[in-house]
Every structure is written in structure tokens, then in C-alpha cells.
Amino acid sequence: RAPANAPLSRCSISTRALFELFGLDEILRIYKALLLEEKVLLVSTQYSILSVLCEVLVSLLYPFQWPHVYIPLLPEDFLAFLKAPGVFLIGTHHSLLTPVAHDL
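First, a word on what this report is: a plain description of the structure on this page. Computed from a predicted model, the values in this text were never measured in an experiment.

## Topic: unusual backbone geometry
No. 1: Residue proline 63 is reached from tyrosine 62 by a cis peptide bond, and omega for that bond is 15 degrees.
No. 2: Tracing the chain through its elements places proline 63 in the loop between helix H3 (47–59) and strand S2 (69–71).
No. 3: Its identity as a non-glycine residue notwithstanding, glutamate 37 has a phi of 55 degrees, on the positive side.
No. 4: Within the secondary structure layout, glutamate 37 lies in the loop between helix H2 (24–35) and strand S1 (40–44).
No. 5: For glutamate 37, a relative accessible area of 42% corresponds to the partly exposed category.

Shown next as C-alpha cells:
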């Protein structure tokens, strides 16, 4: 995200990981979901990628801001958030979803 006092400054977050992991169609589908304020859940087997991807997606919304629930790394104790009726951008590890996948 660009700092509030310098909104057009260069962002230190690289979009490289996003474009390496997703094709253009998937990126546009995720971006559209964020703009339309839909639930977005990112699932990965690598914790390090989740927070980077979430930050990149939020930074791509500029000049808009993400006013909803934002949890780049959802811990196991908070899996109930995935059933919440509101809008969210959440990243979680694949192993945490396996036991509760049928409930979602």
C-alpha cells in the first residue's frame, strides 16, 4: 500500500509472486471479486506466500482501500471466521482447511 502522505510513491511490495503463481485470468477473477466485495480465501501449503499475496492484492486496489476483514494468515483457532456472513480477504494453510472443508 502506498503511504497516506505519498500516495503515488513506489510500493515496496513486488507483484512478481502473484504473476508467477496465477495466470492472468485467475488474477483478474480475484481482482474482480475484491472490487465487488466478495469473499476471497487464499489457500496455500506455504505460509510465506500467503501474506505476500494478500498484501499484493490489497495494494493493487489503490486508490481504493479494503475496509473489510483482512487476515493474511488465519490461525487454526479462528477458522470460524470462514463461516462469517461478511466479506473478507483471508489466507490460510491448506492443512488447516482439510478437516473443515466439508463445512464451508
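## Structural notes on a nonpolar patch on the surface
No. 1: Together, Phe19, Leu24 and Leu28 give the surface a local cluster of nonpolar side chains, amounting to about 320 Å² of exposed area.
No. 2: Examined against the element boundaries, leucine 28 turns out to sit in helix H2.
No. 3: Residue leucine 28 is classed as partly exposed on the basis of its relative accessible area, which comes to 47%.

## Description of the sheet that holds strand S3 (residues 88–93)
No. 1: The sheet built from three strands is open, its strands ordered S1-S3-S2 with parallel pairing. Strands with a single pairing partner mark the edges of an open sheet, and in this sheet they are S1 and S2. Strand-to-strand twist across the sheet, computed as the mean angle between neighbouring axes with direction ignored, equals 20 degrees.
No. 2: Sheet analysis places S1 next to S3, joined by five bridges and oriented parallel. Bridge assignment links leucine 42 to a residue of S3, and that residue is glycine 91.

Conventions and cut-offs
- Residues numbered from 1 in each chain as written.
- Predicted model: local features only at pLDDT ≥ 70, side-chain atom pairs only at ≥ 80, totals over all residues.
- Heavy atoms only, no water.
- Helix = DSSP H or I, 4+ residues; strand = E, 2+ residues; numbered from the N terminus.
- Buried < 20%, exposed > 50% of the residue type's maximum accessible area, 1.4 Å probe, protein only.
- Patch = residues over 30% accessible without salt bridge, like charges linked within 9 Å, V, L, I, M, F, W, Y side chains within 5 Å.
- Areas by Shrake-Rupley, 256 points an atom, 1.4 Å probe, with all protein chains shown as cover.
- Salt bridge = Lys/Arg side-chain N within 4 Å of Asp/Glu carboxyl O.
- Pairing = 2+ DSSP bridges.
- Axes fitted to C-alpha atoms, helices over the stretch in contact; angles between N-to-C directions.

Shape descriptors only; they carry no functional weight alone.
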